[in-house]
Amino acid sequence: MSAEDGWSAVAAAWSATWGAAAAPAHAALLDTADVGPGTRLLDVGCGSGELLRLAAERGALAAGCDPAPGMLALARQAAPESDLRDAGAEDLPWPDGAFDVVTAVNALAFADDEDRALAELRRVLAPGGRVALANWAEHAANDLDAIEAAVAQADGEDPAPDSPERLRGGLEALLAAHGFAVQDAGTVDVPWLAADDAALVAGVLLGEDASVLRELGPVVVAAAAPFRTPDGGYRLRNRFRWAVAATPS
Ligand SMILES: C[S@@+](CC[C@H](N)C(=O)[O-])C[C@H]1O[C@@H](n2cnc3c(N)ncnc32)[C@H](O)[C@@H]1O
């Protein structure tokens, strides 16, 4: 199964479980990049279209792309007025200088060639345009990662180390290395709520088959005990890092 097929296979479940979780990061990016009426915006790796919906509500002329057809189908429902195209970040099907703002939220990490992806983001921006990126902050800032570390341990694996972009200054360094002038950066809380054990396990082990859910579900529930709420649900304190930078005008 290709990576695109993998995302398509989980698109509906991902959208229902995680699609809204990044909303505070979407708002932070659109606020900082001054997205408003008439802004020509491209969201790269748009997933099920939540950022595009928000941009359209602000009056932006929104476009989006994603290489997973299942995700794109959901984005078409969420943001029907957007120009949506089947493409990955490495090969954007728009001409040079077509956009005022290009966003990518938790998407560039999936590109096979991140350097090429960033060059493409820069190419489609108009002079003085802005790129706005966001991704998960370091493991220590995320309750979700504590649960995933317990799952990895149960599987006999070591948790993956933090990638540079997750650490303070990492996104800024990446953008500067690709010729952008960083304007602002920060973190934003993106809490995630699960109504009960079943929702918790389904969200954390998204896309896994029934035998994995049976084996690792109890590991997830045990690791999430500190995050349990009095009503029997869960509240995970998670965080994204973001940065906004400009192209030379
Ligand atoms: C975790 S979701 C994030 C969706 C959305 N950006 C958001 O704000 O929540 C990752 C998305 O990246 C997409 N993706 C995978 N490979 C990609 C690539 N090479 N370029 C751009 N997006 C890619 C996936 O199909 C998926 O929709």
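First, a word on what this report is: a plain description of the structure on this page.

The rules behind the values
- Residues numbered from 1 in each chain as written.
- Predicted model: local features only at pLDDT ≥ 70, side-chain atom pairs only at ≥ 80, totals over all residues.
- Heavy atoms only, no water.
- Helix = DSSP H or I, 4+ residues; strand = E, 2+ residues; numbered from the N terminus.
- Rg over C-alpha atoms; globule rule 2.2 N^0.38 Å.
- Buried < 20%, exposed > 50% of the residue type's maximum accessible area, 1.4 Å probe, protein only.
- Contact = heavy atoms within 4.5 Å.
- Near = heavy atom within 4 Å.
- Polar contact = N/O pair within 3.5 Å; in protein donor to acceptor, adjacent residues only side chain to side chain.
- Areas by Shrake-Rupley, 256 points an atom, 1.4 Å probe, with all protein chains shown as cover.
- Core = buried A, V, L, I, M, F, W, Y, C linked by side-chain atoms within 4.5 Å.
- Patch = residues over 30% accessible without salt bridge, like charges linked within 9 Å, V, L, I, M, F, W, Y side chains within 5 Å.
- Salt bridge = Lys/Arg side-chain N within 4 Å of Asp/Glu carboxyl O.
- Lys, Arg positive; Asp, Glu negative; His and termini not counted.
- Charge placed at Lys NZ, Arg CZ, Asp CG, Glu CD.
- Phe/Tyr/Trp six-rings, centres within 6.5 Å; stacked < 30°, edge-to-face > 60°.
- Arc of directions from axis to C-beta.

1. Here we look at the overall build of the chain
- Across its full length, the chain holds ten helices and nine strands.
- For a compact globule of 249 residues, the expected C-alpha radius of gyration is about 18 Å, and the chain comes in at 18 Å, within 12% of that figure.
- The principal-axis extent of the C-alpha atoms belonging to the chain is close to 55 × 35 × 35 Å.
- A burial count over the chain gives 47% of its 249 residues as buried.
- Partitioning the intrachain contacts of the chain with sequence separation of at least 6 by distance along the chain shows that 73% fall at a separation of at least 24.

2. Let's talk about the site of the ligand
- The environment of the ligand is made up of 17 residues, and the closest members are His26, Gly45, Asp66, Ala89 and Val105.
- At 2.8 Å, a backbone N or O of Val105 approaches a nitrogen atom of the ligand.
- Relative to its free-state accessible area of 590 Å², the ligand is covered by the protein chains to the extent of 95%.

3. Section: the nonpolar core
- If you look at the biggest cluster of nonpolar residues, it comprises 47 residues, and the most contacted ones within it are Leu41, Ile147, Leu200, Val220, Leu236 and Phe240.
- Contacts of Leu200, omitting those with residues within four sequence positions, involve Ile147, Trp192, Ala194, Val220, Val221, Ala224, Tyr234 and Leu236.
- Cys65, Trp94, Ala104 and Ala117 belong to the second largest nonpolar core, which has 28 residues in total.

4. Comments concerning the environment of Ser2
- Take Ser2: it is sitting in the segment before α1 (3-9).
- Owing to a relative accessible area of 31%, Ser2 belongs among the partly exposed residues under this scheme.
- Along the chain, Ser2 and Ala68 lie 66 residues apart, while their C-alpha atoms are 9.5 Å from each other.

5. Some details on a negative patch on the surface
- A cluster of acidic residues, Asp155, Glu157, Asp158, Glu208, Asp209 and Glu215, forms a negative patch at the surface.
- By secondary structure assignment, the location of Glu215 is in helix α10 (residues 210-223).
- Look at Glu215 and you get exposed, because its relative accessible area is 52%.

6. Points about unusual backbone geometry
- Residue Asp34 is not a glycine yet carries a positive backbone phi of 55°.
- In this fold, Asp34 is placed in the loop between α3 (23-32) and β1 (40-44).
- Classification of Asp34 as exposed rests on a relative accessible area of 56%.
- Within the chain, Asn106 stands out as a residue other than glycine whose phi angle is a positive 50°.
- Checked against the element boundaries, Asn106 lands in the loop between β4 (99-105) and α6 (114-123).
- With a relative accessible area of 25%, Asn106 lands in the partly exposed category.

7. Considerations on the packing of aromatic side chains
- This structure, assessed with the given rule, holds six aromatic pairs.
- Note on Trp7 and Phe110: the rings are 5.1 Å apart at their centroids and 80° apart in plane angle, and the pair reads as edge-to-face. Placement of the pair is Trp7 in helix α1 and Phe110 in the loop between β4 and α6, with a sequence separation of 103 residues.
- When the ring of Trp18 is compared with that of Trp192, the centres are 4.3 Å apart and the planes differ by 15°; the resulting orientation is stacked. Of this pair, Trp18 sits in helix α2 (residues 11-18) while Trp192 sits in strand β7 (residues 192-194); the two residues are 174 residues apart in sequence, bridging distant segments of the chain. The exposure classification of Trp18 matches that of Trp192, with both residues buried.

8. Section: helix α4 (residues 50-57)
- Restricting attention to buried positions, one finds in α4 the residues Leu51, Leu52, Ala55 and Ala56. When α4 is viewed along its axis, its buried side chains cluster within an angular range of 135° and face the same direction.
- Packing partners of the buried residues in α4 comprise α3, β1, β2 (61-66), β3 (83-86) and β4.
- Gly59 sits one or two residues past α4 and shows a positive phi near 90°.

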